Amino acid sequence: MHNYSSFSASMSSLRRGRRLGSLDQPYSIQPEKQKQNEDIDIELVHIIYTRFMQNQPNLVDLGKARLEVFRTFCLPSMVHQTSKNFLWIIHTDPDLHFEVKQELIDLLSPYPNFLLVASNRYPSGFRENTGAMKELLQEGGLLSGDIDSAQMGYEAAQRWPVLETRLDADDGLHNYFVELIQKEEALYLGSQCGIGHVESSWRVWCAYTTIEWHWMNPFSLFDHDHDGANGYVVGVVTPYCQTPGLTVGYCPETSFSDIPAGSHHRIHQLMPECPEDIKTSATGCLKRLKKLSPASIRSRTVTSHGMLNVRAEDGLVGEGYKLLEGQMEKQDDLWTGIEQYMHIMTRNASETKKYMKEHLAAIAADNLKGQCTKGHSCKDSTKTVLKNLAATKT
């Protein structure tokens, strides 16, 4: 029996912020509903997409740093999912530097359903994406993982509902996330496939609450007992969908192009919210996962593409974080929950923070070179911050 009380109580300390939103009360999965390695017999195909160093093959310092973040936050949260009924497809640049590529292969090779694909393609629309399957099947296309699983998944996607989940390489998911999404699909979407309107035979899910991990102190500087060796964790809610765990589900009769497309910041504006009534099998709507708190974790480091909310020094505080400083006193409780329900360990977070500090200038210099490359951000403000960090003496 799992005890969520301390974790949920810590999450309840969130308060309204200008950009961070609010959480009025704690939510959590009912403990009896989470069973480790529970078998799920649901006819669906679930694809989780991640991109790693696409169109940035030779930025070695940045690649090694992103591997460090990936190893600490993203990979363990996927290894420990309570449902293993998914394919995790990670796209990386075909010309990725051999040192970074080999280490990534070594990390993923024990897991046959984790597929590393040499491609700069932006993944989506698995059922209709014949080009993606050709890349997998061609020589050198699949760097790690079981090709037969990919082929069977593609064939099954032609007759079963498909779930497609987004997960950035520096983020992670609650270990119950995949199982919860699949059960929601069976309850609300799968039961409607073949009997509803084709144009609305889909459903979208996204996190309601997420944790941010900051390598630098996001709060104002004041006396406290927390030394920050593991970094700092902050629970936040935004009025829009976060990227980690953003999931689209659609029936066999529905095309991926039938689903309204938009950035994660805008998707809540493009569709109605799904009703909370468990008896209502609504489709063509968005479901915020309020009962899974937190659903995801996002790391905020100098490896970030857009550097959103990334702190360049301790105590460089945004307005929203000033209103969340009560969480400074909840660090131990938050870390206990993160370790138990995401399998992200404090010792690994500490090593990642140490790595960032020791290689700060080189990482920032590479990230600066990678700005404005295809598929990546191109903001003057980000370039200014990275330029200053690249000049830092470590």
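This report concerns the structure included in the present document.

Definitions and cut-offs
Residues numbered from 1 in each chain as written. Predicted model: local features only at pLDDT ≥ 70, side-chain atom pairs only at ≥ 80, totals over all residues. Heavy atoms only, no water. Pairing = 2+ DSSP bridges. Helix = DSSP H or I, 4+ residues; strand = E, 2+ residues; numbered from the N terminus. Axes fitted to C-alpha atoms, helices over the stretch in contact; angles between N-to-C directions. Contact = heavy atoms within 4.5 Å. Salt bridge = Lys/Arg side-chain N within 4 Å of Asp/Glu carboxyl O. Buried < 20%, exposed > 50% of the residue type's maximum accessible area, 1.4 Å probe, protein only. Core = buried A, V, L, I, M, F, W, Y, C linked by side-chain atoms within 4.5 Å.

Turning next to the sheet that holds strand β9 (residues 232-236). Overall, mixed pairing links the four strands, which are arranged β6-β12-β8-β9 in an open sheet. With one partner strand each, in any of the chains shown, β6 (171-173) and β9 form the two edges of the open sheet. Taking the axes of each pair of neighbouring strands and ignoring which way they run, one obtains an average angle of 20° across the sheet. Judged from the five bridges that link them, strand β8 (residues 210-214) and strand β12 (residues 296-300) form a sheet pairing that is parallel. When the sheet's bridge partners are listed, histidine 214 is paired in β12 with arginine 300. Against the sheet, helix α2 (residues 60-79) engages β6, β8 and β12, with an angle of about 20° to β6.

It is worth spelling out the pattern of salt bridges at this point. Where charged atoms from two side chains of opposite charge come close, those side chains can pair. Across all of its chains, the model carries ten salt bridges by this definition. Between lysine 183 and glutamate 179 there is a salt bridge; the shortest N-O distance is 2.9 Å. Of this pair, lysine 183 and glutamate 179 both sit in helix α6 (residues 177-189), four residues apart, which is roughly one turn of that helix. Where lysine 369 meets aspartate 366, a salt bridge forms, and the shortest distance between an N and an O atom there is 3.9 Å. Of this pair, lysine 369 and aspartate 366 both sit in helix α10 (residues 360-370), three residues apart, which is roughly one turn of the helix. On the basis of relative accessibility, which here comes to 59%, the residue lysine 369 falls in the exposed class. Look at the salt bridges and you will find they share partners, linking Glu68, Arg71 and Glu103 into a network.

A word on the nonpolar core. In this structure, Phe52, Phe70, Trp88 and Leu108 are the most contacted members of the largest nonpolar core, which totals 63 residues. If one sorts the elements of this core by residue count, α2 sits on top with nine residues. In this structure, phenylalanine 52 is in contact with Gly63, Arg66, Leu67, Ile90, His91, Thr92, Asp93, Leu96, Val100, Leu104 and Ala169, ignoring residues within four places of it in sequence. Of all hydrophobic cores here, the second largest spans 26 residues; its members include Ile47, Leu136, Trp202 and Met271.

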